[in-house]
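Structural features, examined
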Amino acid sequence: MKKNGALRWVYPVLTLLVIMVFAFPFIWMLLASFKTQAQIMSKGQFLFFTPTMKNYVNVFGQYEFMRFIVNSFIVAVGSTAGSLLLGLPAAYAIARYRLQGLGLVILVARIVPGITFLIPWFILFSNLKLVDTYLALILSHMLVGLPFIIWIMISFFEGLPTEIEEAGLIDGCTRSQVFLRIILPISGPGIITSSLLSFIFSWNNFMFSIILAGDKTKTLPIAVFNFMSYSEINWGALMAAACIITLPVLIIALLAQRYIVSGLAAGAVKG
């Protein structure tokens, strides 16, 4: 009995410790966004300090942060939508027709580091006069987002019983109609999960943006990078910008968390 009672306290304590370890950087980021540079550097003012909104005012006033938010939103939504448009039919075809070879090629494209594609990607878009355009950023982000969506949805489609599709075909639907009217509506959790993860990747992407983005299409990670200079780092503005970047993704994740859990446990169908 004593052993069971001790174990009952161990798990909550360990859980709390794990949460504290992972949450500490976010707590520090949030607190630092309301501090001055001197307060951030002071060890005695971690929790007790006089908060200021100056960092957020500077981010939106001095650095035109709203324009970078719009750019990131356009690129993230565009790359996610494009990846879904191409990835969902591809994943369904691979799952239903057992195209393991094609799936392996897509997996290799996902495994290869994105930096491998930077130079040829830049040369291609330079020749096409597409550097510093939304199209170049959207296509480059799809390079990772598309294989990611395909591989998540392959396992999801493989878990769906074929009897559902056969019933649709017997009722007179074509294969395309079965996919659009039957398969996609019951694949909501998988689609939402893959879409959200693809959106987060694009929203946070730095590597492709620093090469292909310019003044007109500069995204949030590049804008945050500008807070760091050779002589100093503007920690207050940097943390405020980081909070602004994190907030939309956090809100989306909280709203869609039940779909994420069911999507990651893909393979079951609710009858």
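Rules and cut-offs
Residues numbered from 1 in each chain as written. Predicted model: local features only at pLDDT ≥ 70, side-chain atom pairs only at ≥ 80, totals over all residues. Heavy atoms only, no water. Axes fitted to C-alpha atoms, helices over the stretch in contact; angles between N-to-C directions. Helix = DSSP H or I, 4+ residues; strand = E, 2+ residues; numbered from the N terminus. Parallel < 35°, antiparallel > 145°, perpendicular 65-115°, else oblique. Left-handed = near helix turned anticlockwise from the far one by under 90°. Contact = heavy atoms within 4.5 Å. Nonpolar A, V, L, I, M, F, W, Y, C, P; charged D, E, K, R; others polar. UniProt positions renumbered as here; feature names shortened; annotations may be inferred. Phe/Tyr/Trp six-rings, centres within 6.5 Å; stacked < 30°, edge-to-face > 60°. Buried < 20%, exposed > 50% of the residue type's maximum accessible area, 1.4 Å probe, protein only. Patch = residues over 30% accessible without salt bridge, like charges linked within 9 Å, V, L, I, M, F, W, Y side chains within 5 Å. Areas by Shrake-Rupley, 256 points an atom, 1.4 Å probe, with all protein chains shown as cover. Salt bridge = Lys/Arg side-chain N within 4 Å of Asp/Glu carboxyl O.

Considerations on the packing of helix H8 (residues 162-170) against helix H9 (residues 175-183)
Where H8 meets H9, the axes come as close as 10 Å, and the angle between the chain directions of the two elements is 125 degrees. Taken together, the axes of H8 and H9 are oblique relative to one another. The interaxial crossing formed by H8 with H9 has right-handed handedness. Along the contact surface, H8 presents Ile164, Glu165, Gly168 and Leu169, while H9 presents Arg175, Val178, Ile182 and Ile183. Its residues assigned to classes, the contact of H8 with H9 comprises five nonpolar, one polar and two charged.

Let's talk about the UniProt feature "transmembrane region" (unreviewed entry) in the protein
Following the UniProt record, the feature "transmembrane region" (unreviewed entry) maps to residues 9-31, 68-95, 102-123, 135-157, 178-201 and 235-256 here. Helix makes up 100% of residues 68-95 and strand 0%, with an end-to-end C-alpha separation of 39 Å. Taken end to end, residues 102-123 is 73% helix and 0% strand, and its two terminal C-alpha atoms sit 27 Å from one another.

Overview of the packing of aromatic side chains
Where two aromatic rings form a pair, the distance of their centres and the angle of their planes describe that pair. Overall, the coordinates contain nine aromatic pairs when judged by the stated rule. On the numbers, 5.3 Å between centres and 40 degrees between planes, the contact of Phe34 with Tyr56 is tilted. With Phe34 in the loop between helix H1 (2-32) and helix H2 (37-41) and Tyr56 in helix H3 (residues 54-61), the pair connects residues that are 22 residues apart, well separated along the chain. A residue is classified by how much of its surface remains accessible, and Phe34, at 25% relative accessible area, is partly exposed. For Tyr56, a relative accessible area of 14% gives the class buried. Both rings, one in Tyr92 and one in Phe179, keep their centres 5.0 Å apart while their planes meet at 40 degrees; by these two values the pair is tilted.

Some thoughts on a nonpolar patch on the surface
Taken together, the side chains of Ile119, Phe122, Ile123, Phe206, Ile210, Ile211, Phe225 and Met228 present a nonpolar region at the surface, about 690 Å² in accessible area. Sorting the residues of the nonpolar patch by element identifies helix H6 (118-127) and helix H11 (207-212) as the ones contributing at least two each. No other element matches H6, which puts three residues into the nonpolar patch. Residue placement: Ile211 occurs in helix H11.

Some remarks on the environment of Leu102
Mapping Leu102 onto the fold places it in helix H5 (residues 100-111). What makes Leu102 partly exposed here is its relative accessible area of 43%. Measuring from C-alpha to C-alpha, the distance between Leu102 and Leu130 comes to 29 Å, with 28 residues separating the pair along the chain.

Some points on unusual backbone geometry
Across residues other than glycine, the phi torsion is negative in most instances, and most of the peptide bonds are trans. The backbone of Lys129 sits at a positive phi, close to 60 degrees, despite the residue not being glycine. Looking at the secondary structure, you find Lys129 in the loop between H6 and helix H7 (134-158). Even without glycine at this site, Asp132 takes up a positive phi of about 65 degrees. Relative to the elements of secondary structure, Asp132 occurs in the loop between H6 and H7.

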